[in-house]
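The primary structure of each chain is shown beneath.
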Amino acid sequence: MLQKTDGVQPEVAAVMRWIEGANAKSPTDVVHFTASANLHEGSVVANYPYDAYSRTSRAKIDALAAASQQASTMQRPDVGPGVAAINAQQRVVSAQGAASVSPDDATFKFMAHTYANAHRTMHDSTEFPGGITNGAAWYEILGGMQDWNYIAAKCMEITLELSNTKYPPASTLPQLWDDNRDALIALAVSSALGGVTGTVTSTAARRNAGAAETPLPATISVQGISWKTTAHLPFGFYARPLAPGQYTITASYGGYASVSKAVTVPADGSGARLDFKLRPLK
């Protein structure tokens, strides 16, 4: 999933290589994306990961389908296999209606709500409570961009469905812009400036008077959340979108002692600054 582009459309492969930095001449030339959104039509809702179920969840759903079909036939011998299959399918659809939860479920919901609440009508949806939905709970797709970005590219992406008309005529574009302008700005600002941002540097340079601290491409992890991101060169800067709340964040890098710090992400979307200075082990 991280590297393979065989069999996909050329433009999709090109975007994957670009996001992963495969075409960069040096590590410092790589463009690192913190968060993103892809835009669709066909509904009005903010859709967040996961779009697909894990293999374990999929196996459970497949097992439920088989068990449901068998049970329908055994309990109602007068019911034909066609009706039994429909009954089984209905049970599977119900199971698939459950969310496929990512490690950052709370933050993705916060991002989706940020958009929906700033949208002119999305938050008033009668189909999707609050104007948001988990992707798989709505309908499952495999190989979707938001799942790939989160897992492979370490970028937190959501999908924005902006119109109930799949192919809106050009005459409606001004209204679409007015409906979405404030929401687009709100999502971008909260994703870039909200959560936690900072730098990771080495204390080793302090031994040399006047020397600048060395930036480190450290791993950034949040206690209780398995998904991790990294600080990036040339500045050792990291940005970690997070929903408002209290967290313990750890910066770690090979050959250095890890450092953990507590931080509070404010509810007003202003974000928190948290810098790390790591000490060499030798």
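What counts and how
- Residues numbered from 1 in each chain as written.
- Predicted model: local features only at pLDDT ≥ 70, side-chain atom pairs only at ≥ 80, totals over all residues.
- Heavy atoms only, no water.
- Phe/Tyr/Trp six-rings, centres within 6.5 Å; stacked < 30°, edge-to-face > 60°.
- Buried < 20%, exposed > 50% of the residue type's maximum accessible area, 1.4 Å probe, protein only.
- Lys NZ or Arg CZ within 6 Å of the ring centre and 35° of its normal.
- Pairing = 2+ DSSP bridges.
- Helix = DSSP H or I, 4+ residues; strand = E, 2+ residues; numbered from the N terminus.
- Axes fitted to C-alpha atoms, helices over the stretch in contact; angles between N-to-C directions.
- Salt bridge = Lys/Arg side-chain N within 4 Å of Asp/Glu carboxyl O.

Overview of the packing of aromatic side chains
Stage number 1. The final tally for this structure, using the stated rule, is 8 aromatic pairs.
Stage number 2. Between Trp-138 and Tyr-139, the aromatic rings sit 4.9 Å apart at their centres with planes inclined by 70°, giving edge-to-face as the arrangement.
Stage number 3. By relative accessible area, Trp-138 is classed as partly exposed at 26%.
Stage number 4. Owing to a relative accessible area of 41%, Tyr-139 belongs among the partly exposed residues under this scheme.
Stage number 5. For the cation-ring pair, Lys-261 lies above Phe-276, with the distance from its terminal atom to the ring centre recorded as 5.3 Å.

What about the sheet that holds strand β1 (residues 35–40)?
Stage number 1. Taken together, 4 strands build an open sheet; the order of strands is β1-β4-β2-β3 and the sheet is mixed. Lying at the two open borders of the sheet, with one neighbouring strand each, are β1 and β3 (132–134). For this sheet, the mean inter-axis angle between neighbouring strands, taken without regard to orientation, is 25°.
Stage number 2. Pairing of β1 with strand β4 (residues 156–163), which is carried by 6 bridges, proceeds in the parallel orientation. Among the inter-strand pairings, Ala-35 is bridged to a residue of β4, identified as Met-156.

Considering the sheet that holds strand β7 (residues 219–222)
Stage number 1. Pairing is antiparallel in the open sheet, where 4 strands are placed in the order β8-β7-β10-β12. This sheet does not close on itself; its edge strands, each paired only once, are β8 (225–230) and β12 (259–265). Along the sheet, successive strands turn relative to each other by an average axial angle of 30°, direction set aside.
Stage number 2. Of the strand pairs in this sheet, β7 and strand β10 (residues 245–252) are connected by 4 bridges, and their pairing is antiparallel. By the bridge assignment for β10, Ser-221 is matched with Thr-250.

Here's the deal with the pattern of salt bridges
Stage number 1. Following the criterion strictly, the structure yields 7 salt bridges and no others.
Stage number 2. As a salt-bridge pair, Lys-109 and Asp-105 come within 3.1 Å of each other at their nearest N and O atoms. Here Lys-109 pairs with Asp-105, and both are found in helix α4 (residues 105–118), just 4 residues apart, close to one helical turn.
Stage number 3. On the accessibility criterion, Asp-105 (14% relative accessible area) is buried.
Stage number 4. Close ionic contact of Arg-273 with Asp-275 constitutes a salt bridge, the shortest N to O distance being 2.9 Å.
Stage number 5. Relative accessible area serves as the criterion here: at 51%, Arg-273 is assigned to the exposed category.
Stage number 6. One salt-bridge network, held together by shared partners, links Asp-178, Arg-181 and Asp-182.

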